[in-house]
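Summary of structural features
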Amino acid sequence: PPTIYRKDYTPPSYWVRTVEMGFDLEPSATRVATRMTLERNQTSNDKVLTLYGEELQLVQIRLNGKVLGTKAYQLKDGVLRIPTTAEQITLDIETLLQPDRNTSLMGLYVSNGNFFTQCEAEGFRKITYFPDRPDVMATYKVMLRGDKKKYPVLLSNGNLIEQGDLGDGRHYALWEDPFKKPSYLFALVAGQLVCQEETIKLKSGREALLQVWVEEGNLDKTQHAMDSLINSIRWDEERFGLELDLDRFMIVAVGDFNMGAMENKGLNIFNTKFVLANPRIATDVDYGNIEAVVGHEYFHNWTGNRVTCRDWFQLSLKEGLTVFRDQEFSADMIGTDSGRAVKRIDDVRVLRQAQFPEDAGPMAHPVRPDSFVEISNFYTVTIYEKGAEVVRMYQTLLGRDGFRKGMDLYFERHDGQAVECDDFRAAMSDANGRDLTQFERWYSQAGTPRVVATTVYDAVHKTYAITLKQSCPATPGQKNKLPFHIPVAVGLLDSNGNDMQLHLRGFPQVQSTVVLELMEEQQTFVFEDVSEEPVPSLLRDFSAPVNLEYDYSDADLAFLMAHDSDAFNRWEAGQRLAARRLLALTATAQQSGAVLTTDPALSESLRLTLNDAALDPAFREIALNLPSETVIAEQMDVINPQAIHQARRFLRQSLAQALRADFIEAYKANQTPGDYSPDAASAGKRALKNLALSYISELDDAAAHVMAQTQCDGADNMTDRVAALGALANSTAPGKEAALAQFYQDFEAEPLVVDKWFSLQAMARTTDVAAVRKLMQHPAFSLKNPNRARSLIFSFCNGNPSQFHASDGSGYAFWAEQVIALDAINPQVAARLARSLDRWRKYAPSLQSKMQAALKRVAQTAKLSKDTKEVVGKSLA
Ligand code: DPP
Ligand code: ZN
């Protein structure tokens, strides 16, 4: 399959102005009649109109009313070319689809008897032949016809214009979207659905109808999504002055969905996982995720839909910005400073856990990639999460007000347009009179920059100099990197642990946190009037997506853990200390016969944090969580998954021993009696309580078993229940099997909970490949449902490193089998799983060769999708 390059972008030869579509909905044969009016793009020299179509049966094409014979066009490899230079064209295209055979879940498909669409990025071409590219924007009018009983609800984008009976047991609905949009934002839904609805008044006084559509029986699980939607609408009005532009906004939940959710104009389609919640089935984390994803998709209405992407290389223009917006929204919903910090830490954890490895591996790509084979493979943590960090850096450099000015200018200039990342940067720069030329490198250069800090205190002149030196590792296709523009937020702590007032040489303001702008390869920043040698607090609030290194002593780190006014760095100091211990323990664990020992300094520091009642429970929980096995792996030259696992388990056990009484105390002190509420304060208490339970459970003794069993039996909410079941699943408790069976029996009818049941077993310490294979035999397991496949197979391959990397290579053989099986069903999901071996070159040679063999086995499979081919190809390259 061909590689597509950003540099090859050319504007389309024709613009589409209006689209009218008629759908006759039948699962095995849906007829689609599309009429589009096109207008020649005066700037194009191309004498051909190009449309794209995939897996379509083409029935007929009419150009200006006249049927086109097969000689009047060329159809090859999904590209339909019609030679023409006419100024205005009306094109009628009739296609025939088989939605019930569509397991890719792209285009029009059937899920549990209902119809849904997914068009981003290139799914519209599975519905009709079309200039399916985001810079082609048109207004749409959509007629849906179908059986009245089977499909009582017929939805599409925009406003419902008309509906009625067709007399033959069928009915119709006509929808019109007044806003022009790219084809990837098209959507339809048809089937047996019910909704919760509410009318709200927008800031301007206009009314809007909000609906959350679900399958019957799920109406008791929509309130949180509705609340989140209303909060999102209010937040965007307040923070960015952006109002909902439609009279009607719908969210529809579907159980078969490739991604999290989709921002189709006025008709968002969501994975059920990010809609359905009540205390019985959803955890605190689920509640938080639903709020974030509902916000994310809603915010796309402006950042993505009103202003969209010129081409798919600009994907982060909408995704990075919209993730940043949803992160800020979630933080504002918590409201407290400490809540904001916990949210920030959570987001950075995701970045380090998933994006840093991506940036260091074979799929590393810039936030604005230069090329791709299959765009679906570029819906990545780099585009999304690193993209959000890049947007956050504008706010760090320009301030909140400056950032808002940039946003205002961006909309003023580009509303209704399809634009580039550079246009966003220009708006930020122009609105603030700031030169952001060098900042462009965040978009063009891949890899996680490394910043090494060194400091010198001059006691005579009372100056403190911080020297920052940046570099960036080579990534595929990019050997040498130029310096980035890096905002490094810095504070200095005096010997009492208080923030010093900072006088940065050459700058008038005095502050407790200063943002140093590192632009050269190496720069020295001098602080004056520094009365004693401080402890530096570097990269506060994680002000840039870099690896910052500084030669802290253990004592410095303990000091920062106890005193830093920047909550992020308090947490960071603890993580640095723990990572040090874990790396040392891992090194020891690799020597045969070695005995693991730990020093009490770390447990004493953690004890202080655990027992510090002045700190939010949510913060204490996140601070007591050790760096993950993946994060530790990334810090090693050669990854040894078993040694890392052994080291981390040992450290957790020794902490459990040392802090047992404190954990029991925390467990008791953080109960949340009364009715369940997912608010941040209650969720934080539950998180700390359940963290205590998980540490105590590391001891795997009778008392721990009783504790987990009691919580499992008595829990009145999913957060507590699943935490207790997880503790049991990782133990040798006598009641373990019965508890797992009971859980399944209780929640058999709730697919999202059954997913949890699979996933927690997949990640349990003792679950090996054989156990996963056995779980695949369970009647509730299916490879066809992406959530289910992810809950078992992805959870095992990505979330159980010590078993997945079993020395006999059985995990890799299993992985290859599943990638191949999934690829035949759903290439997008398969290509995701294919990423699990990205880092194969970092393992010991014996594992490497087995991983390579598994990758080759997949690569050599006949009829492999281009999605999976690209991923394994890049891995092996
Ligand atoms: N654009 C979607 C989202 O990220 C993904 N298809 O919201
Ligand atoms: Zn998005």
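Residues numbered from 1 in each chain as written. Chains lettered and ligands numbered in written order. Predicted model: local features only at pLDDT ≥ 70, side-chain atom pairs only at ≥ 80, totals over all residues.

Let's talk about the overall build of the protein
Operational definition: Only DSSP runs of H or I with at least four residues qualify as helices, and only runs of E with at least two residues qualify as strands; both kinds are numbered from the N terminus onward. Only C-alpha atoms enter the radius of gyration, while the globule expectation follows 2.2 Å times N to the 0.38, with N the number of residues. Whether a residue is buried, exposed or partly exposed follows from its count of other C-beta atoms within 10 Å of its own C-beta, namely 20 or more, 12 or fewer, or something in between, respectively; the C-beta atoms are built from the backbone. We call two residues in contact if the C-beta atoms placed from their backbones are at most 7 Å apart.
Within the protein one finds 26 helices and 33 strands. The C-alpha radius of gyration of the protein comes to 28 Å, within 12% of the 29 Å expected for a compact globule of 877 residues. Counting all 877 residues of the protein, 51% fall into the buried class. By sequence separation, contacts in the protein at least 24 residues apart represent 70% of the contacts at least 6 residues apart.

What to know about the site of ligand 1
Defined as follows: The criterion for a residue being near a molecule or strand is simple: its C-beta atom, placed using the backbone, must lie within 6 Å of it. Note on residue classes: Ala, Val, Leu, Ile, Met, Phe, Trp, Tyr, Cys and Pro are nonpolar, Asp, Glu, Lys and Arg are charged, and everything else, Gly too, is polar.
Taken together, E120, M259, A261, M262, E263, H296, E297, H300 and E319 are the residues near ligand 1. Grouping the constituent residues of the shell around ligand 1 by class yields three nonpolar, two polar and four charged.

Some details on the UniProt feature "domain: Peptidase M1 alanyl aminopeptidase Ig-like fold" (unreviewed entry) in the protein
This is how it is decided: UniProt positions are given in the numbering used here, feature names are shortened, and annotations may be inferred rather than shown by experiment.
The UniProt record marks residues 447-551 with the feature "domain: Peptidase M1 alanyl aminopeptidase Ig-like fold" (unreviewed entry), using the residue numbering of this structure. Taken as a whole, residues 447-551 contains 0% helix and 49% strand, while its terminal C-alpha atoms sit 23 Å from one another.

What about the sheet that holds strand β11 (residues 114-118)?
Put simply, the rule reads: Note: two strands are recorded as paired if DSSP finds a minimum of 2 bridges between them. Fitting a line to C-alpha atoms yields each axis, with helices limited to the stretch in contact; the angle taken between N-to-C directions then spans 0 to 180 degrees.
Pairing within the open sheet is antiparallel, and its four strands lie in the order β10-β11-β16-β13. Of all strands in the sheet, those with a lone pairing partner are β10 (107-111) and β13 (153-156), marking the two edges. Strand-to-strand, the axes of this sheet are offset by a mean angle of 15°, without reference to chain direction. Pairing geometry for β11 and strand β16 (residues 188-191), over two bridges, is antiparallel. Bridged to F115 within β16 is A190.

Section: the environment of F619
With respect to the helices, strands and loops of the structure, F619 is situated in helix α11 (residues 617-624). Judged by the 22 C-beta atoms lying within 10 Å of it, F619 is buried. Sequence-wise, F619 and S759 are 140 residues apart; in three dimensions their C-alpha atoms are separated by 26 Å.

So, the packing of helix α13 (residues 641-658) against helix α15 (residues 680-698)
How we decide: The cut-offs work like this: below 35 degrees is roughly parallel, past 145 is roughly antiparallel, 65 to 115 is roughly perpendicular, and the gaps in between are oblique.
One way to put it is that α13 packs onto α15 with a least axis distance of 8 Å and a crossing angle of 105°. When the interaxial angle is binned, α13 and α15 end up roughly perpendicular. Within the contact between the two elements, α13 uses R652, Q653, L655 and A656 and α15 uses Y695, I696 and E698. For the contact of α13 with α15, the per-class residue count stands at four nonpolar, one polar and two charged.

Digging into the nonpolar core
Rule in force here: Nonpolar cores are identified as sets of buried Ala, Val, Leu, Ile, Met, Phe, Trp, Tyr and Cys residues joined via C-beta atoms within 7 Å.
Grouped together as the largest cluster of nonpolar side chains are 247 residues, with contacts concentrated most on V189, V252, I269, V275 and V488. Top element by residues in this core is helix α5 (residues 381-414). It accounts for 11 residues.

Describing the environment of P476
By the secondary structure assignment, P476 is in the loop between β26 (463-471) and β27 (486-493). Sequence separation of P476 and P801 is 325 residues, and the distance between their C-alpha atoms is 25 Å. The contacts of P476, once residues within four sequence positions are left out, are P362 and A364.

Thoughts on unusual backbone geometry
Geometrically, the link from E120 to A121 is a cis peptide bond, its omega value of -5° lying close to zero. Within the element layout of this structure, A121 appears in the loop between β11 and β12 (137-147). Look at L539: it is not a glycine, yet its phi comes out positive at around 60°. Inspection of the secondary structure assignment puts L539 in the loop between β32 (535-538) and β33 (547-550). For D700, which is not glycine, the phi dihedral falls at a positive 50°. Along the polypeptide, D700 turns up in the loop between α15 and α16 (702-714).

A short note on the sheet that holds strand β20 (residues 261-262)
Judged by pairing direction, the sheet is mixed, and its five strands sit side by side in the order β17-β18-β19-β21-β20 without closing on themselves. Looking at which strands have only one partner, the edges of the open sheet turn out to be β17 (194-201) and β20. Here β17 runs beside strand β18 (residues 207-214); their pairing, made up of eight bridges, is antiparallel. The residue of β18 that forms the bridge with E197 is Q211.

Section: the domain arrangement of the protein
So the rule is basically this: The start and end points of each domain follow an automatic or database-based domain assignment.
According to the domain assignment, the protein contains domain 1 (4-192), domain 2 (308-444), domain 3 (450-544) and domain 4 (748-877). For domain 2 versus domain 4, the separation of C-alpha centres amounts to 30 Å. Domain 2 puts eight residues into the contact, and the matching count from domain 4 is 12 residues.

Concerning the UniProt feature "domain: Peptidase M1 membrane alanine aminopeptidase" (unreviewed entry) in the protein
UniProt records the feature "domain: Peptidase M1 membrane alanine aminopeptidase" (unreviewed entry) for residues 225-442 in the present numbering. Along residues 225-442 one finds 56% helix and 9% strand; the C-alpha atoms at either end are 34 Å apart.

Observations regarding the environment of E238
Here E238 shows up in helix α1 (residues 223-240). Overall, E238 belongs to the exposed group, with 11 C-beta atoms counted inside 10 Å. Spatially, the C-alpha atoms of E238 and H485 are 30 Å apart, while their sequence positions differ by 247 residues.

Observations concerning helix α4 (residues 337-359)
Stated formally: Expected span, for any helix, means 1.5 Å times one less than how many residues it has. Bend at a residue means the angle formed by two fitted axes: the first through the 7 residues ending at that position, the second through the 7 residues beginning there.
Between its first and last C-alpha atoms α4 spans 31 Å; for 23 residues at 1.5 Å apiece the expected length is 33 Å, and the two agree. Taken as a whole, α4 carries its principal kink of about 35° at R352.

Some remarks on the pairing of strand β3 (residues 30-40)
As paired strands, strand β2 (residues 14-24) and β3 are joined by 10 bridges and run antiparallel to one another. Residue pairing for β3: M21 is matched across the bridge by T34. The antiparallel pairing of β2 with β3 creates a hairpin that spans five residues between the two strands. As judged from the 10 bridges shared by β3 and strand β9 (residues 88-97), these two strands associate in the antiparallel manner. Within β9, the position partnered with R31 by the bridge is L96.

Observations regarding the packing of helix α9 (residues 567-589) against helix α10 (residues 600-611)
Spelled out, the test is: The sense of a crossing depends on the near helix, which, turned anticlockwise from the far helix by less than a right angle, makes the crossing left-handed and, turned clockwise, makes it right-handed.
Two numbers describe how α9 lies on α10: the axes approach to 11 Å, and their chain directions differ by 150°. One finds that α9 runs roughly antiparallel with respect to α10. You can see that α9 and α10 cross each other, and the crossing is left-handed. Residues G574, L577, A578 and R581 of α9 touch α10, and the partners they reach there are L602, S605 and T609.

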